[in-house]
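Descriptive structure summary
Given next are the chains, with one letter for each unit.
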Amino acid sequence: MKPRVDERDASRERPVLAAHDLSESRLPAHHETIEAWVVEWLALHWQMPAGAIDRRRPLVEQGLDSMAAISLAHDLEQWLGLPLSLSFVWQQGSIEALARALASPEVMFSLAPVSESAVVARRNEGTAPASLGQQQLWRQLRPQPESPRFHLHFGLRFDGPLDIEALRLSLQEIVRRHEAFRTSFRERDGELLQVIAPVSRLELPVVDLRAEQEEDLGRALDSASFRTLYDALGRAPFDLQVGPLIRAALVVLTNQTHVLLVTQHRLITDGASLSVFGRELAFLYRVFHARVPSPLAPPSRQASDVARWQRHWLGGEGAHRQREYWRARLDGVPPLKLTPRGACGEEGARVGGLVCFEVPMALTTAWKVLASGEGATLFTALSAVFAALLSRHSGQEDVLLGTVVANRGRRELRDVVGLLANTVALRCDLTGNPSFRELLVRHRRRTTEDLSHQELPFEEVSRLGQGAWAAPTVRAACVFESMAPFDLSIPGLGCALLTDTPDASVPGTARHELTLLLREDLGRLCGAFEYAADVFQPAEVERLAACFRRLLGRIVETPDVRLDDLPLAEDAPRLG
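Conventions adopted
- Residues numbered from 1 in each chain as written.
- Predicted model: local features only at pLDDT ≥ 70, side-chain atom pairs only at ≥ 80, totals over all residues.
- Heavy atoms only, no water.
- Helix = DSSP H or I, 4+ residues; strand = E, 2+ residues; numbered from the N terminus.
- Expected span 1.5 Å × (residues − 1).
- Buried < 20%, exposed > 50% of the residue type's maximum accessible area, 1.4 Å probe, protein only.
- Contact = heavy atoms within 4.5 Å.
- Polar contact = N/O pair within 3.5 Å; in protein donor to acceptor, adjacent residues only side chain to side chain.
- Pairing = 2+ DSSP bridges.
- Axes fitted to C-alpha atoms, helices over the stretch in contact; angles between N-to-C directions.
- Salt bridge = Lys/Arg side-chain N within 4 Å of Asp/Glu carboxyl O.
- Phe/Tyr/Trp six-rings, centres within 6.5 Å; stacked < 30°, edge-to-face > 60°.
- Lys NZ or Arg CZ within 6 Å of the ring centre and 35° of its normal.
- Parallel < 35°, antiparallel > 145°, perpendicular 65-115°, else oblique.
- Left-handed = near helix turned anticlockwise from the far one by under 90°.
- Nonpolar A, V, L, I, M, F, W, Y, C, P; charged D, E, K, R; others polar.

On to helix H10 (residues 164–177). For an α-helix, the turn length of 3.6 residues means that residues three or four places apart are oriented alike. With 14 residues, H10 should reach 20 Å at 1.5 Å per residue; the first-to-last C-alpha distance of 20 Å fits that figure. Taken residue by residue, H10 has Ala 166, Leu 167, Ser 170, Leu 171, Gln 172, Glu 173, Ile 174, Val 175 and Arg 177 as its buried positions. On its buried face, H10 sits against strand S6 (246–254), strand S7 (257–265) and helix H13 (271–289). Capping the start of H10 is the job of one residue whose side-chain oxygen sits 3.3 Å from the backbone nitrogen of Glu 165: Asp 163.

Have a look at this one:
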């Protein structure tokens, strides 16, 4: 096992490798030259001998995660002068395959650099076309635009002496820096537009609940006054045509405990954006608390820039290849039948329920070991368990799952605030009653392929149906949120993230018929089954949650047992 190295520290300390003048000549390098460069890069990144890196073994099996792959793609494109995406790196698999692809003149010239300047230069001050993801969300909102179904709501608890003015200034600076927080939406001649306000001040009302609370923090957080305020802020509707689509309030619970409540609409944010929000909030608080101006450079990209570039990309060869991939990949996929009852509620106004659970630290660790032993991520392993559970209950061996990806495969997109996340369909093959270990190997291979084609908006995938080919409907989803990396380290303050659900969604709504939400927090998994109330009864979902937890314990002990031989909860009937 290679030693764990903090990726941010590794990227800062990694020396810049010698860059040959290939980017100017546009001549391909020899594949052995590229191989040696990538091996040296990984050796420096992983802090391990170059001889221990296998050039033919898939990179994901050697521990390359998505963040390191983004850095590798960025440094390669700087060296070769080519726009390399994360999906391109994943598609090649091994170092050898990657090097041979990059050494091919045909591949090199097909990856002609795309100039964003011409796209961004067409900016019409104050307005921009909506992205396809925003258009899809807008249509889902039409039946009930005031529904909190697409709200992200969370609290940041601060323990210690809080500088309220520094916090207020930090929030205002974040809104000034990021256009998304100043964006509203209008329809004009059938086209959805982003309308960006030049200036928008985020109000920060302060609610003092100290007189109602004792100094017991647990009681304060569970008090009726706090919960009523917390829920009301999360559920209050936004005016999508006026904005802003972010609001905040500061609650004083005790002299040393404050909770910043924040609600953002998914039209202008996503999980990765929340991480940017948290990181900048902590940094700016430290700066303004010291009474010095912000040293942060303006963001290099705004969400509206990405929307323009996306429209340009959709007309190119890369989008065409991804359309062909998804057309073939999803051909013939059967609809997932979760229950004998059909959905009868309005999708945009769907009422939902929530069943929460936790996975202990020891079991979470065991699953990480099992996943890494097969070259898989924790998400891949857990989504395979979910697929196995749905297969047992539905009787189907061909299961379609949706998932949400950050869709930030290019390094310059890391710090963009906006709706960049995309839904990806994962087709899970459970034919032949495999063991779980066999299923995981199969699922890892196909999931890696599916995720390497994640840039095509799901809105486009949904339009691919032609003739007898019907675009699939995602009825079940598995979402692994990465909100845990909130960088809230502030000297003198203890900081903690508070959410009702793993992905900060508002309970009582449902985006799909069934969604498994997962988040790792302090070494253990926090999970929840979100379900549509018109499809499931609460008791059914409680049994599903019990079955899932039972499978987690049994599979990690006996991963080579056939799926049909794995016991579920004794009282869990088949739903199909």
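What follows is about the side chain of Arg 519. Structurally, Arg 519 is set in strand S13 (residues 514–521). Polar contacts involving the side chain of Arg 519 include one to the side chain of Thr 499, which spans 3.1 Å.

The next subject is unusual backbone geometry. Of the consecutive residues Gly 243 and Pro 244, the connecting peptide bond is found in the cis state with omega at -5 degrees. Looking at the element boundaries, Pro 244 is found in the loop between helix H12 (224–235) and S6. Even without being glycine, Ala 504 reaches a positive phi, approximately 65 degrees. Residue position: Ala 504 is located in the loop between strand S12 (494–498) and S13.

So, about the pairing of S7. Counted residue by residue, S7 has nine buried out of nine residues, so it is predominantly covered. Burial of the side chains of S7 extends over both faces: Thr 257, Val 259, Leu 261, Thr 263 and His 265 are buried on one face and His 258, Leu 260, Val 262 and Gln 264 on the other. The pairing of strand S2 (residues 151–159) with S7 spans nine bridges and is antiparallel. The residue of S7 that forms the bridge with Gly 155 is Leu 261. Of the pairings in the sheet, the one linking S6 to S7 comprises eight bridges and is antiparallel in character. When the bridges of S7 are listed, Arg 247 appears paired with Thr 263. The hairpin turn running from S6 into S7, its antiparallel successor, is two residues long.

On the secondary structure map, Ser 505 appears in the loop between S12 and S13. Judged by its relative accessible area of 3%, Ser 505 falls in the buried class. Within the structure, the side chain of Ser 505 is placed 2.7 Å from the side chain of Asp 503, a separation counted as a polar contact. Engagement of the side chain of Ser 505 in a polar contact is seen with the side chain of Arg 511, the distance being 3.4 Å.

Right, let's get into the sheet that holds strand S4 (residues 191–196). Across the sheet, three strands lie side by side as S1-S4-S3; this open sheet has antiparallel pairing. Each end of this open sheet is capped by a strand with a single partner; those strands are strand S1 (127–129) and strand S3 (183–188). Across the sheet, the mean angle from the axis of one strand to that of its neighbour is 35 degrees, orientation sign disregarded. Here six bridges tie S3 to S4, and the two strands are oriented antiparallel to one another. Each residue of the ladder has a partner; that of Arg 186, found in S4, is Leu 193.

For the rest of this paragraph, the subject is the pattern of salt bridges. Tallying each qualifying case throughout the model produces 34 salt bridges. The partner of Arg 266 in a salt bridge is Asp 503, and the shortest N-O contact between them spans 3.4 Å. Of the two residues, Arg 266 sits in the loop between S7 and H13 while Asp 503 sits in the loop between S12 and S13, which places them 237 residues apart along the sequence. An identical accessibility class is assigned to Arg 266 and Asp 503; each is buried. The network of salt bridges with common partners includes Arg 139, Arg 323, Glu 459, Glu 460 and Arg 463.

The next point concerns the packing of aromatic side chains. For the coordinates displayed, the defined rule picks out 11 aromatic pairs. Note on Trp 138 and Phe 185: the rings are 6.2 Å apart at their centroids and 40 degrees apart in plane angle, and the pair reads as tilted. Linking Trp 138 in helix H9 (residues 132–141) with Phe 185 in strand S3, this pair joins segments that are 47 residues apart in sequence. On the basis of relative accessible area, Trp 138 is assigned to the buried category, the value being 11%. Ring centres of Trp 367 and Phe 436 lie 5.5 Å apart, and the angle between their planes is 85 degrees; this geometry places the pair in the edge-to-face category. With Trp 367 in helix H16 (residues 361–373) and Phe 436 in helix H18 (residues 436–451), this residue pair connects regions lying 69 residues apart in the sequence. One aromatic cluster is present, built from ring pairs that chain together Phe 357, Phe 386, Phe 529 and Phe 548. Here the guanidinium or amino end of Arg 247 rests over the ring plane of Phe 238, the centre of that ring lying 4.0 Å away.

On to the packing of H16 against helix H20 (residues 538–557). Remark: H16 packs on H20, axes separated minimally by 10 Å, with the N-to-C direction vectors making an angle of 50 degrees. By the criterion of interaxial angle, the relationship of H16 to H20 is oblique. Between H16 and H20 lies a crossing of left-handed hand. Between H16 and H20, the residues in contact are Leu 363, Ala 366, Trp 367 and Leu 370 and Leu 552, Gly 553, Ile 555 and Val 556, respectively. Its residues assigned to classes, the contact of H16 with H20 shows seven nonpolar, one polar and no charged.

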